[in-house]
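# Structure assessment
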Amino acid sequence: MTTTHLRYRETRLPRTEDPLTLIMRLVCSGLFDPYVVYERDGAWSLAGGALASVRLGPDAHDLAEIEERFATMPVAGWRAYGWAAFELGPALAGLAPETDGDLLHLIVPADEIRVYGDDVLVRSVDPAGLEAIVALIDAPAAETEAEVLPPIDLPLSDTGNYRAAVSAALVELNGPGPLEKVILSRRVPVPMPVDLITTYALGRRANTPARSFLLNLGGIRAAGFSPETVVEVSADGHVRTHPLAGTRARTGSPTEDALLRADLLSDPKEIHEHAVSVRLALDEMSTVCDDTYVSEYMTVEERGTVQHLASRVTGRLRPGLGPWHAFAAMFPSVTATGIPKAPAYPLIHGLEGRPRGLYSGAVITCDASGALDAALVLRTVYEREGECWLQAGAGVVRQSRPEREHEETCEKLRSVRVWGRR
């Protein structure tokens, strides 16, 4: 039974400015620490302050603690925001997660702003906090914009032996083991201080994500433009996932892009990579859902500077199961790990040489109704402990060529531009 001691005070305001502009203005105010911005289907949310938190360390082996913690939240009508690291996947599989940091960090915010359509909903457990946020929203926006530096030019050459890692993975894939596919990634360091808020604001206007997010939580700062979801669970138990696998560039030329699209749809390697990914997504969802089926198959979706083969898999949660059962079944995304996942984990860590952390993990929202939405963390700028970087990967199957997989990482990295700060 949930014991509540607090309640959210709420007020609704008419929206008088662009949602992205409003949310960025609120973030820049300094009122919210920590914070998570999350965009889904035209709705924007900003969560600020931590009324309560749920964290899992490297000894986690299931997600039962999450359900227990949320059952005792001190406020009704809560919505939680946060992230799960890629290494939560190996931990749930019973493997050592190869990290000593948190695997999951969620907060129930003290303050929350939701923008959808022409309305702005402001919620706070503190009446004075509610008044301060309303005053900030009502304050006129600055008429002049600060000067923005040019985007940082990042070299995308293979300085970390990525092609060699792909070649090593091909040896494993062509061996006697069960591995059919593995996603290998590479980091590109950003050599100067980054303005993540500007990077997010300008990047969102130039990108076409399925979800977007900006966060400062648990020692991690990130701005991302997710091309797909790990899992979506509605309050009534409908479950969806949205695997993307198979990639070609977008050049800006309609003729050239159409040729690349046709090449993508006819490439045996890309079709195989996509088909086995959808098969595993269907198998994973079937462990927790009934009425599971592929609702869309092998369409093409445009995401920034790339286009992907895309499918959707749908099901309904079995009685007695909740959103975290679905998350545990589907996480990490099949399009960011390998097939099967268990033998892919040690190969990924061995060839990449370090924990992935937030890369290919998830940014998550969930709420008291039982709904959950988890965005796959790709096309993202990361900042932690004074380091800033981009990261991108490619799916390696038996038909892969190291040169092509390296070029695919370049195509994805070009989807994110980074702006420095003075």
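Heads up: the structure comes first, above all this text.
Residues numbered from 1 in each chain as written. Predicted model: local features only at pLDDT ≥ 70, side-chain atom pairs only at ≥ 80, totals over all residues. Heavy atoms only, no water.

## Regarding the overall build of the chain
Regarding its fold elements, the chain presents 11 helices and 21 strands. Its C-alpha atoms give the chain a radius of gyration of 21 Å, near enough to 22 Å, the size a compact globule of 422 residues would have. Seen along its three principal axes, the alpha-carbon backbone of the chain occupies a region of about 65 × 55 × 40 Å. Among the 422 residues that make up the chain, the fraction classed as buried is 57%. Of the contacts made within the chain by residues no fewer than 6 positions apart, 74% connect residues no fewer than 24 positions apart. (Helix = DSSP H or I, 4+ residues; strand = E, 2+ residues; numbered from the N terminus. Rg over C-alpha atoms; globule rule 2.2 N^0.38 Å. Buried < 20%, exposed > 50% of the residue type's maximum accessible area, 1.4 Å probe, protein only. Contact = heavy atoms within 4.5 Å.)

## Looking at the packing of aromatic side chains
Applying the stated criterion to the full structure yields 7 aromatic pairs. Here the aromatic rings of Trp324 and Phe327 are separated by 5.3 Å at their centres, their planes lie at 75 degrees, and the arrangement is edge-to-face. With Trp324 and Phe327 both in helix α9 (residues 323-330) and 3 residues apart, the pair spans about one turn of that helix. A residue is classified by how much of its surface remains accessible, and Trp324, at 4% relative accessible area, is buried. (Phe/Tyr/Trp six-rings, centres within 6.5 Å; stacked < 30°, edge-to-face > 60°.)

## Concerning the environment of Ala164
Its location among the elements puts Ala164 in helix α5 (residues 162-173). Given the relative accessible area of 45%, Ala164 is considered partly exposed. With 160 residues separating them in the primary sequence, Ala164 and Trp324 have C-alpha atoms 37 Å apart.

## Describing the sheet that holds strand β3 (residues 43-48)
Taken together, 11 strands build an open sheet; the order of strands is β1-β8-β7-β3-β2-β10-β11-β20-β21-β9-β17 and the sheet is antiparallel. Taken across any chain shown, the strands that pair with only one partner, and hence form the sheet edges, are β1 (9-14) and β17 (338-339). Here strand β10 (residues 211-217) pairs with strand β11 (residues 220-226) via 7 bridges, running antiparallel. The residue bridging Leu215 from the neighbouring strand is Ala222, located in β11. (Pairing = 2+ DSSP bridges.)

## Overview of helix α1 (residues 19-28)
Because each turn of an α-helix spans 3.6 residues, side chains separated by three or four positions in sequence point in the same direction. Among the 10 residues in α1, 8 count as buried, and that is most of the element. Among all positions of α1, only Pro19, Leu20, Leu22, Ile23, Met24, Arg25, Leu26 and Val27 are buried. Measuring from the side-chain oxygen of the N-cap residue of α1 to the backbone nitrogen of Leu20 gives 3.2 Å; that N-cap residue is Asp18. Where α1 ends, the next residue or the one after it, Gly30, has phi of about 85 degrees, a positive value. (Polar contact = N/O pair within 3.5 Å; in protein donor to acceptor, adjacent residues only side chain to side chain.)

## Digging into the layout of surface pockets
As a volume, the second largest pocket reaches approximately 500 Å³. Those elements that place two or more of their residues in the lining of the second largest pocket are α5, β9 (181-189), α10 (341-352) and β21 (387-396). Residue contributions to the lining of the second largest pocket peak at 5 residues, all from β9. In terms of residue class, the lining of the second largest pocket is made up of 12 nonpolar, 7 polar and 8 charged. (1 Å grid on protein atoms, 1.4 Å probe; cavity = no way out; pocket = protein on both sides within 12 Å on 5 of 7 lines; lining within 4 Å. Points joined across faces, edges and corners; volume = space filled by probe spheres on them. Nonpolar A, V, L, I, M, F, W, Y, C, P; charged D, E, K, R; others polar.)

What is shown is where atoms sit, not what they do.
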